[in-house]
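Examining the three-dimensional arrangement
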Amino acid sequence: MEKIYNISYSGFVLGSLMNDLTLLYNSNYPLDKDDFAPFIVHKIVFVSLTLLADKGVTSVDPKDIAEVLRPYPEQEEALKQNLQGNYIDYLATLKELDNFDAYGFYYNEVRKRSLLRKYRDNGYNITEIFDENKDVEKEDANLNKWTIETILDYFDKTQAELRQQFLIDEDTKEKKAGENGHEIVQSFKNNPIRGLSFESKYLTTLWGGWRTGQLYLRSSDTSGGKSRSTIGDLAKVCCPYIYDLDKKDFVENPNGKNNAGLYIGAEMNLDEEVDPLFYAYVSGIESHTILQGETTEEEDKILSKAIDIVHDAPLWIVDMPSFDIHKLHDTIKFYVKEYGVKYVVFDYILLNSALVNEYNKSRGGKGNFRGDEVLADLSKALKDMCAEFDIGILSATQVNGDISDYRNRNYSVIRGAKAVADKITCGSIQMPITKAEEKLIEPYISKYVKGFGADKKVNFVETVYKSRFSSYPKECKIFSYYNLGNLRKHEWFCTNANFEPIDIPKTIVCVED
């Protein structure tokens, strides 16, 4: 018998499942047949339970398992051989082992041993946790001191130490100034350094487009549309066709067709909130119309095609409420390696218990730190991931109470303040326009807000307070009509910090695939 397997713990788990098969669908308690692989009897019982669960059964009697095994004589014979012929009595005993109140404990013990076997079978040295050459009872007592989390942390630490010891530091680069200068400058002419277009053409100009290797941040209050803006920008980059409301037809996205993207959110339901916003942007149909099922017959045709476009686009969405840096890194790494993702939206930078606990552990568990320190650490990690994976990350933050003053639109009003802003490449504050701002731009309305679309009154202002690649004034304000329903923007003009108009061209990046 496998030493890193506890028949009693596994029996209690199987007994609980027999009494309540809905536990198999509880995302807090994922199980796999490999968790029971060391004891063939338990593995056969578990697979039988999954087959019954698929048929809608919620409570299992021994005779139900016997019936399931009728088409599988080899498995039934294996039960008989291991249980001296009468396996029905054994199954009845398992069912009586049910202890729902302790299910979490037994579940974790089973999964902990399964995890450790996985590490061992993949060549890891597990003797620190369980030495199979020593007394099993003593080693089992030692294993009781470990949890799934501490086992994972132990091997993560080992990996990190080995990386630090053997991986060449690629972060530090040296060269003679001017070396290969002519070739490099010529490469700028052949392939200008330019990112892809954001939904905002002015922002594309000011930020130099969405580039890989860079971290972008848009901040706003709860009514500022920060999540919608990031989703609109990701759709603008990744979806190959977008419905043109003027031409009344789908047109090719000038950003190209092969830009793989990833959305990681922490607060919105993927099916009911995130996906419909992608559909809204691509189709131009208001999101509330989609969610209320109020689309017309003609809109249904447009929406159907938009859904197919989103589905076929190289675009993935993830819901991660309990994110921390480690989970973010592993998730982004997976999608980069597996699907070639280059553009990531992380919605958004905020404090949660998982992130705080991770930060506390990394500081020795002393608990003496501030929230802005945790957010700064997260921002740095996101910036590091941009460089490590050669991706562009667009994220967002909430703003603090100081946002009520329209004259105060810089890093000082974002959560985490300067500590977060220091790590980003470009940053902006997006807010609904205030009465005071309306009064200040009133002289320019007749000059700029005219022609087709003049009914789209200015309702938002986005203040760019940081842009590493910009040659324009430090603080530029973009005045636009922002439709929060379909995430589309109609931009009118820009001013400097003193609300004086400045001439900034709109940029549309065209990519030839």
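Here's a quick rundown of the structure. Source: prediction; values computed, not measured.

Here we look at the overall build of the protein chain
- Secondary structure assignment for the protein chain yields 19 helices and 12 strands.
- Structurally, the protein chain occupies a C-alpha span of about 90 × 65 × 45 Å along its principal axes.
- The buried share among the 513 residues of the protein chain stands at 47%.
- Pairs at least 24 residues apart make up 71% of the contacts formed inside the protein chain by residues separated by at least 6 positions.
- When the accessible surface of the protein chain is totalled, it reaches about 26,500 Å², and 48% of it is carbon and sulfur.
- For the protein chain, the separation between the mean place of its 63 positive charges and that of its 81 negative charges on side chains is 7 Å.

A word on the pairing of strand S9 (residues 460–467)
- With 7 of its 8 residues buried, S9 lies for the most part within the structure.
- Sheet topology places S9 next to strand S10 (residues 476–483); 5 bridges connect them, and they run antiparallel. Paired with Phe460 across the strands is Ser480, a residue of S10.

Comments concerning the sheet that holds strand S8 (residues 426–432)
- A sheet is described by the order of its strands in space; here 10 strands give the open sequence S5-S4-S6-S7-S1-S8-S9-S10-S11-S12, paired in mixed fashion. The strands lining the two open edges of the sheet, one partner per strand, are strand S5 (315–319) and strand S12 (501–502).
- Two strands pair when backbone bridges link them, and strand S6 (residues 343–347) and strand S7 (residues 392–398) are joined in this way by 4 bridges, in the parallel orientation. Within S7, the residue paired with Tyr343 across the bridge is Gly392.
- On the sheet, helix H12 (residues 270–283) packs against strand S4 (261–265), S5 and strand S11 (488–495) and is oriented at approximately 150° with respect to S5.

Examining the pairing of strand S3 (residues 249–252)
- Strand direction decides the pairing type here: strand S2 (residues 241–244) and S3, joined by 4 bridges, are antiparallel. Bridge pairing links Ile242 to Val251 in S3.
- Adjacent in sequence and paired antiparallel, S2 and S3 are bridged by 4 residues, among which Lys248 carries a positive phi angle near 55°.

Side note on helix H4 (residues 73–82)
- Within the sequence span of H4, burial applies to Glu76, Ala78 and Leu79. For H4, the angular spread of the buried residues around the axis is 155°, confining them to a single face. Among the exposed residues of H4, those oriented more than 90 degrees off its buried face are Pro73, Glu74 and Gln81.
- Looking at the packing, one finds that the buried side of H4 touches helix H2 (40–54), helix H3 (62–69) and helix H5 (87–96).

Conventions and cut-offs
- Each chain has its residues counted from 1, running along the sequence as written.
- Per-residue local features are limited, in this predicted model, to residues with pLDDT of at least 70; the limit for side-chain atom pairs, both in listing and counting, is 80 or more; totals at the level of whole chains, interfaces and linings are taken over all residues.
- The basis for every side-chain value is the complete set of heavy atoms in the structure, and neither hydrogens nor water enter the calculation.
- In this description a helix means any DSSP run of H or I spanning at least four residues, a strand means any run of E spanning at least two, and both kinds are numbered starting from the N terminus.
- A 1.4 Å probe rolled over the protein chains alone gives each residue an accessible area, and that area as a share of the maximum for its type sets the label: buried under 20%, exposed over 50%, partly exposed in between.
- Contact between two residues is taken to exist if any of their heavy atoms lie within 4.5 Å; hydrogens are not considered.
- For accessible areas, the Shrake-Rupley method is used with a probe of radius 1.4 Å. Any residue's cover is judged against the shown protein chains and nothing else.
- Here Asp and Glu are counted as negative and Lys and Arg as positive; His is not counted, and neither are the chain ends.
- For the purpose of locating charges, the reference atoms are NZ of Lys, CZ of Arg, CG of Asp and CD of Glu.
- In this scheme, strands are said to pair when DSSP sees at least two bridges between them.
- Between N-to-C directions, angles cover 0 to 180 degrees, with each direction set by a line fitted to C-alpha atoms, over the stretch in contact for helices.
- Comment: arc refers to directions from the helix axis out to C-beta atoms.

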